[in-house]
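Breakdown of the fold
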Amino acid sequence: MGRRSGTIPSEVMDVLELYDWPGNIRELENVIKRAVIMSTGSTLRPVLGELKHLPGQPSPAAKRTLAEAERDHIV
């Protein structure tokens with residue numbers, strides 16, 4: 001991108017480390033790229049509200065019953 005980001009605030013780093021990253025490394029890469037583009041100044045500020053499941057919230061999979069999980073697995 002030709003831009004340098006100086007710092008990532010510790011609270012942002014904590015959220016990024018605790019997030020499950022269901023989209024694997026590609027999702028992390030996209031979040032970082034977007035943050036580099038959208039951030040002004042030298043501090044990287046990703047839009048954490050766009051992450052599908054933030055740490056501390058129950059994941060959608062945690063709400064499934066065993067029967068629902070088995071059905072999803074078979075399908």
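As a reminder, the structure under discussion sits directly above these lines.
Now for a quick tour of the structure. The structure presented is a predicted model; accordingly, all values stated were derived computationally and were not measured.

**Considering the nonpolar core**
Grouped together as the largest cluster of nonpolar side chains are seven residues: Val12, Leu16, Tyr19, Trp21, Val31, Leu48 and Leu51. Leu51 has contacts with Val15, Tyr19, Trp21, Glu27 and Val31, leaving out every residue within four places of it along the chain.

**Concerning the side chain of Ser39**
Tracing the chain through its elements places Ser39 in the loop between α2 (24-38) and α3 (66-74). At 2.6 Å, the side chain of Ser39 forms a polar contact with the backbone oxygen of Ala35. Engagement of the side chain of Ser39 in a polar contact is seen with the backbone nitrogen of Arg45, the distance being 2.9 Å.

**Here we look at the side chain of Glu27**
With respect to the helices and strands, Glu27 occurs in helix α2. Of the residues examined, Glu27 reaches a relative accessible area of 14% and is grouped as buried. Of note is the side chain of Glu27, whose polar atom sits 3.1 Å from the side chain of Tyr19.

So, how was this worked out
- All residue numbers refer to positions counted from 1 along the written sequence of the respective chain.
- Given that this is a predicted model, residues contribute local features only at a pLDDT of at least 70 and side-chain atom pairs are listed and counted only at 80 or more, while totals for whole chains, interfaces and linings are drawn from all residues.
- The side-chain quantities take in all heavy atoms of the structure and omit both hydrogens and water.
- Within this scheme, the nonpolar core is defined by two criteria: the residues are buried Ala, Val, Leu, Ile, Met, Phe, Trp, Tyr or Cys, and they are joined through side-chain atoms within 4.5 Å.
- Categorising residues by exposure relies on relative accessible area from a 1.4 Å probe, with only protein chains included: less than 20% of the type maximum marks a residue as buried, more than 50% marks it as exposed, and the intermediate range marks it as partly exposed.
- Whether two residues are in contact is decided by their heavy atoms, any of which lying within 4.5 Å being enough.
- Secondary structure elements follow DSSP: runs of H or I no shorter than four residues count as helices, runs of E no shorter than two count as strands, and numbering proceeds from the N terminus.
- Counting of polar contacts relies on pairs of N or O atoms within 3.5 Å, with two restrictions inside protein: one atom must be capable of donating a hydrogen and the other of accepting it, and residues adjacent in sequence are counted only when both atoms are side-chain atoms.

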